[in-house]
Amino acid sequence: SAVISQKPSRDICQRGTSLTIQCQVDSQVTMMFWYRQQPGQSLTLIATANQGSEATYESGFVIDKFPISRPNLTFSTLTVSNMSPEDSSIYLCSAGAIDNEQFFGPGTRLTVL
Amino acid sequence: AQKVTQAQTEISVVEKEDVTLDCVYETRDTTYYLFWYKQPPSGELVFLIRRNSFDEQNEISGRYSWNFQKSTSSFNFTITASQVVDSAVYFCALRRNTGGFKTIFGAGTRLFVKA
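Residues numbered from 1 in each chain as written. Chains lettered and ligands numbered in written order. Predicted model: local features only at pLDDT ≥ 70, side-chain atom pairs only at ≥ 80, totals over all residues. Heavy atoms only, no water.

Participant: Please give an account of the interface of chain A and chain B that cites residues and values.
Facilitator: Across the contact, 19 residues belong to chain A and 16 residues belong to chain B. Here chain A meets chain B over a buried area of about 1,600 Å², counting both sides, of which 55% is carbon and sulfur. Summed over the shared surface of chain A and chain B, the number is 1 salt bridge. Close ionic contact of Lys102(B) with Glu58(A) constitutes a salt bridge, the shortest N to O distance being 3.1 Å. Seen at the junction of chain A and chain B, the total is 6 residue pairs in polar contact (both at pLDDT 80 or more). If you list the elements that add at least two residues to the side of chain A that touches chain B, you get strand S4 (31–37), strand S5 (43–49) and strand S10 (102–104) of chain A. (Contact = heavy atoms within 4.5 Å. Buried area = accessible area lost by both parts, 1.4 Å probe. Salt bridge = Lys/Arg side-chain N within 4 Å of Asp/Glu carboxyl O. Polar contact = N/O pair within 3.5 Å; in protein donor to acceptor, adjacent residues only side chain to side chain. Helix = DSSP H or I, 4+ residues; strand = E, 2+ residues; numbered from the N terminus.)

Written out as structure tokens, the structure reads:
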């Protein structure tokens, strides 16, 4: 199994600012993803983080708002740009292999004032 | 299109009762994976099970069991002799084996187990 850590675990930010969330996996993994979980809701996939190339975004999510990097097989970052209160959510990093389990980090709880 | 439906929004049971959480999925893929995750009040997602679409055998793990039926596109989860610590939100999820291997989640079922 993979152990996933995220930093920060929570943050309170002002409207219009940006926050970068880091995700570190303790082993090399094929796939890394970023999800958003709004209060009381299910998980929504934001994008697939591709190593060394641009992330693949889901409908409704754009690179300008959620730039993602993945410089190697164990690390990825998600930036939430120009934040508004509607961006208040838990952001989860996920990782795994194609034919294996998919694990999740503990999440970053973001509150935008 | 892929879809996961968990029709039960909330279930409330008394400790020691058995409870079944329903999951129905839609996919045009012939190969895929199904998952169940538990999200306790602390918020972390706990992996419970992964099932390959080729493997329709039911699985039992302690008080947990899963019933996978391809004919009805269902992957139901039963907790036997429920305990207060089982109180959580449970998510069923579907991952395709092509096109990016994305996992989509159902809306979740919130289970309350009362002492």
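Participant: Kindly report on the sheet that holds strand S7 (residues 68–72) of chain A, identifying the contributing residues and their values.
Facilitator: All names here are of chain A. In space, the 4 strands of this open sheet follow the order S1-S3-S8-S7, with antiparallel pairing throughout. This sheet does not close on itself; its edge strands, each paired only once, are strand S1 (4–7) and S7. The sheet shows a mean angle of 15 degrees between the axes of neighbouring strands, taken without regard to direction. For S1 and strand S3 (residues 19–25), the ladder comprises 4 bridges, and the chain directions are antiparallel. Bridge assignment links Lys7 to a residue of S3, and that residue is Gln22. (Pairing = 2+ DSSP bridges. Axes fitted to C-alpha atoms, helices over the stretch in contact; angles between N-to-C directions.)

Participant: Mind laying out the packing of aromatic side chains, listing which residues take part and the relevant values?
Facilitator: A full pass over the atoms with the stated rule returns 22 aromatic pairs over all chains. Between Tyr35(A) and Phe104(A), the aromatic rings sit 5.4 Å apart at their centres with planes inclined by 55 degrees, giving tilted as the arrangement. Placement of Tyr35(A) in strand S4 and of Phe104(A) in strand S10 is noted, with a sequence separation of 69 residues between them. This pair shows no difference in class: Tyr35(A) is buried, exactly as Phe104(A) is. Judged by centre distance (6.0 Å) and plane angle (20 degrees), the ring pair of Phe35(B) and Tyr37(B) falls under stacked. Neither residue differs from the other here; Phe35(B) and Tyr37(B) are each classed as buried. By way of ring pairs, the aromatic residues Phe33(A), Tyr35(A), Phe103(A), Phe104(A), Tyr33(B), Phe35(B), Tyr37(B), Phe47(B), Phe91(B) and Phe105(B) are connected into one cluster. (Phe/Tyr/Trp six-rings, centres within 6.5 Å; stacked < 30°, edge-to-face > 60°. Buried < 20%, exposed > 50% of the residue type's maximum accessible area, 1.4 Å probe, protein only.)

Participant: Requested: an account of the environment of Gly52(A), with residues and values cited.
Facilitator: Residue and element names in this part refer to chain A. Relative to the helices and strands, Gly52 resides in the loop between S5 and strand S6 (56–57). On the accessibility criterion, Gly52 (72% relative accessible area) is exposed. Sequence separation between Gly52 and Pro71 is 19 residues, and the spatial gap between their C-alpha atoms is 5.5 Å.

Participant: Which residues make up the state of the cysteines, and what values go with them?
Facilitator: By the definition in use, this model includes 2 disulfides over all chains. Residue pairing for Cys23(A): its cysteine sulfur links by disulfide to Cys93(A), the two sulfurs lying 1.9 Å apart. On the sign convention where negative is left-handed, the bridge of Cys23(A) and Cys93(A), at about -70 degrees about the S-S bond, is left-handed. Here Cys23(A) is found in strand S3, whereas its partner Cys93(A) is found in strand S9 (residues 89–96), with 70 residues between them in sequence. Comparing Cys23(A) with Cys93(A) shows no difference in burial state: the two are buried. Here Cys23(B) engages in a disulfide with Cys92(B); their sulfurs sit 1.9 Å apart. (Disulfide = S-S within 2.5 Å.)

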